[in-house]
Amino acid sequence: MAIAKKRTFIIDCHVCKAKVAAIETGRAERFSFDDEASLPYGNRVFIGNCPSCDIILVGESDQIDFENFDAYEDRWSDVVRVFPNPSKSFSSWRIPRVVTDSLNEADRSLQAGANIAACVMLGRALEALCRDVLESKPTETETGTETASPSAKSKKRLMLGEGIKRLRDTKVIDDRLYDWSQQLQAFRNLAAHPEDISISREDAGDLQTFVNAIVEYVYDLADRYDEFKTRALNRAMRKKN
Ligand SMILES: [Zn+2]
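Read on for an overview of the structure.

Moving on: the nonpolar core. In this structure, Leu-103, Leu-129, Leu-167, Ile-173, Val-215 and Val-218 are the most contacted members of the largest nonpolar core, which totals 36 residues. Within the residue set of this core, elements represented by two or more residues are helix 1 (97-111), helix 2 (115-134), helix 4 (160-169), helix 5 (175-192) and helix 6 (201-240). In contact with Ile-173, not counting residues within four places along its chain, are Ile-164, Leu-167, Arg-168, Tyr-178, Ser-181, Ile-214, Tyr-217 and Val-218. Counting nine residues, the second-largest nonpolar core is a separate cluster that includes Cys-13, Ala-22, Cys-50 and Val-79.

Our focus in this paragraph is the packing of helix 1 against helix 6. Axis separation between helix 1 and helix 6 bottoms out at 11 Å; the angle between their running directions is 160°. When the axes of helix 1 and helix 6 are compared, the pair comes out roughly antiparallel. The handedness of the crossing between helix 1 and helix 6 is left-handed. Each of Val-99, Leu-103, Asp-107 and Leu-110 in helix 1 lies in contact with helix 6, whose residues at this interface are Arg-201, Ala-204, Gly-205, Gln-208, Val-211, Asn-212 and Val-215.

This part takes up the coordination of the zinc ion. Distances from the zinc ion to its protein donors, Cys-13 (SG), Cys-16 (SG), Cys-50 (SG) and Cys-53 (SG), fall within 2.3 to 2.4 Å. Geometry at the zinc ion is tetrahedral, judged from the four donor atoms that bind it and their angles of 104 to 116° at the metal. Coordination of the zinc ion draws on donor residues from a single chain, spaced C-x2-C-x33-C-x2-C in sequence. You can see Cys-16 sitting in the loop between strand 1 (8-13) and strand 2 (18-34) and its partner Cys-50 sitting in the loop between strand 3 (39-49) and strand 4 (56-65), a full 34 residues away along the chain. Overall, Cys-50 belongs to the buried group, its relative accessible area being 2%.

Once that is clear, we can look at the pairing of strand 4. Strand direction decides the pairing type here: strand 3 and strand 4, joined by seven bridges, are antiparallel. Note on strand 4: the bridge partner recorded for Gly-48 is Leu-57. Between strand 3 and strand 4, which pair antiparallel one after the other, the connecting turn spans six residues, and Asp-54 there sits at a positive phi close to 75°. Of the strand pairs in this sheet, strand 4 and strand 6 (residues 80-83) are connected by three bridges, and their pairing is antiparallel. The partner of Val-58 across the bridge, within strand 6, is Phe-83. Looking at chain direction, strand 4 and strand 5 (residues 75-76) are connected through two bridges and run antiparallel. The residue bridging Gln-63 from the neighbouring strand is Trp-76, located in strand 5.

Negative phi is the rule for most residues except glycine; trans is the rule for most peptide bonds. For the bond from Phe-83 to Pro-84, the omega torsion is -15°, close enough to zero to count as cis. Of note, the phi angle at Asp-54 is positive, near 75°, even though the residue is not glycine. Of note, Asn-68 is a non-glycine position whose phi angle comes to about 65°, a positive value. Take Asn-68: it is sitting in the loop between strand 4 and strand 5.

Bringing the pattern of salt bridges into the picture now. Scanning the model with the defined rule gives 14 salt bridges in all. The shortest N-O distance in the salt bridge between Arg-166 and Glu-162 comes to 3.7 Å. Of this pair, Arg-166 and Glu-162 both sit in helix 4, four residues apart, roughly one helical turn. Exposure remark for Arg-166: the relative accessible area of 19% places this residue in the buried category. Among the charged side chains, a network of salt bridges with common partners joins Arg-7, Glu-24, Arg-27, Glu-29 and Arg-44.

What counts as what
Residues numbered from 1 in each chain as written. Predicted model: local features only at pLDDT ≥ 70, side-chain atom pairs only at ≥ 80, totals over all residues. Heavy atoms only, no water. Core = buried A, V, L, I, M, F, W, Y, C linked by side-chain atoms within 4.5 Å. Buried < 20%, exposed > 50% of the residue type's maximum accessible area, 1.4 Å probe, protein only. Helix = DSSP H or I, 4+ residues; strand = E, 2+ residues; numbered from the N terminus. Contact = heavy atoms within 4.5 Å. Axes fitted to C-alpha atoms, helices over the stretch in contact; angles between N-to-C directions. Parallel < 35°, antiparallel > 145°, perpendicular 65-115°, else oblique. Left-handed = near helix turned anticlockwise from the far one by under 90°. Donors = N, O, S within 2.8 Å, 3.2 Å for Na, K, Ca; no water. Tetrahedral: all angles 85-135°; square planar, octahedral: opposite > 155°, others 65-115°. Pairing = 2+ DSSP bridges. Salt bridge = Lys/Arg side-chain N within 4 Å of Asp/Glu carboxyl O.

Following this line, the structure appears as structure tokens:
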């Protein structure tokens, strides 16, 4: 009896922190034709287990090239993990789109093994956070200068280094989060310049955890605490009446 060869798909295992050839146990696929765009469409979802740690992995891939349509042979995108999806999800509606988009992009880069690109995106997320939180607030030097000319107001945009210092000075983040931010800034600066460097998956993964923690602290936990205080206040008011 011939032994059937096990089918595999290459996917990022977040437990092993590596690309693995997951043992495929099932797949679903769909092919159709988008009449409006006059383009074919192909999508696959794979399910399987990590060969090393055995956790269940589910990934998705889109068809990029189509045989006999625009290419000699079919070609598919790299498989992106959709379960378990450790990319952090946040609850606050105040988080700007540019922050979440950058975090998602960083996660995809990490999964693809593009650690330098991931660091650039994490830096972008934190810089966007700084601008969102700080640019709506006047700085100390600006207060009392209501007659400032419009040109003075359209000053250059806040950069990451100055942003994280001001976040600490205005007590939006504490010293520990400030240390993490400085590490990220150092890696981001390395990553953004065309130097011959390499950043390990482990380091990039840790920086992702730090940025997620900062976003959670600045938005989600602050919202949560506000709601908590409002409930306590309402209870106190009801008791009074
Ligand atoms: Zn694994």
